[in-house]
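Breakdown of the fold
Residue strings, one per chain:
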Amino acid sequence: MLIEPRVFRDDRGWFMETFNANVFREHGLPLEFAQDNHSSSRAGVIRGLHYQLDPAQGKLVRCVRGAIFDVAVDIRRASSQFGKWVGLDLSEENQLMLWIPPGFAHGFSVLSDEADVVYKCTTLWSPAGDRTIVWNDPDLGIDWRVATPIVSPKDASGPRLRDAELFES
């Protein structure tokens, strides 16, 4: 779900709410988060595709500096959208946020010289539940919009979607 907050601008700068319980409740979004994360990356970096099993983890993602191409992949085997992905530009300029519910893998590529990404998580990170799908899985065909990808060894060696441990529902 794409979230476009109201941004109030004037000659001093801008102000926006990044969380409002009433708005989140109206849209069926979580009202409690267990962990906040912040990553900083340089141009060409691809992080992902990450997800967590037991406990499953939802993420509210936004880019607070620079620009990213943010990707969510439906990895619920029983879903009619299984294996489908959506990608959106998130940036400090557009101030959009993307809600990625449990049951989806998440990744992003850095489109600007540098980018800072912050995201709220519905559950704590669990090393035992941490999973990765290889970023360039040909079955997914994600165009990361990066000419020379910079990828961690973990992300480069993840299984393909068809071989990954996934959600059944």
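The rules we used
Residues numbered from 1 in each chain as written. Predicted model: local features only at pLDDT ≥ 70, side-chain atom pairs only at ≥ 80, totals over all residues. Heavy atoms only, no water. Pairing = 2+ DSSP bridges. Helix = DSSP H or I, 4+ residues; strand = E, 2+ residues; numbered from the N terminus. Phe/Tyr/Trp six-rings, centres within 6.5 Å; stacked < 30°, edge-to-face > 60°. Buried < 20%, exposed > 50% of the residue type's maximum accessible area, 1.4 Å probe, protein only.

1. With respect to the sheet that holds strand β4 (residues 35-42)
The strands that make up a sheet are held in pairs by hydrogen bonds between backbone atoms, and each pair lies either parallel or antiparallel. Strand order in the open sheet formed by 5 strands is β1-β9-β6-β11-β4, with antiparallel pairing between adjacent strands. The open sheet has two free edges, formed respectively by β1 (2-3) and β4, since each of these has just one partner strand. Inspection of the sheet shows β4 paired to strand β11 (residues 114-121) by 8 bridges, in the antiparallel sense. Counted as the bridge partner of Ser-41 is Ala-115 from β11.

2. Section: the packing of aromatic side chains
Under the counting rule described, the total for this entry stands at 3 aromatic pairs. On the basis of an interplanar angle of 85° and a centroid distance of 6.2 Å, the ring pair of Phe-19 and Phe-33 is categorised as edge-to-face. Separated by 14 residues along the polypeptide, Phe-19 in the loop between β3 (13-16) and α1 (21-26) and Phe-33 in the loop between α1 and β4 bring together distant segments of the chain. Take Phe-33: its relative accessible area is 21%, and that puts it in the partly exposed class. Joined through ring pairs, the aromatic side chains of Phe-19, Phe-24 and Phe-33 make up one cluster.

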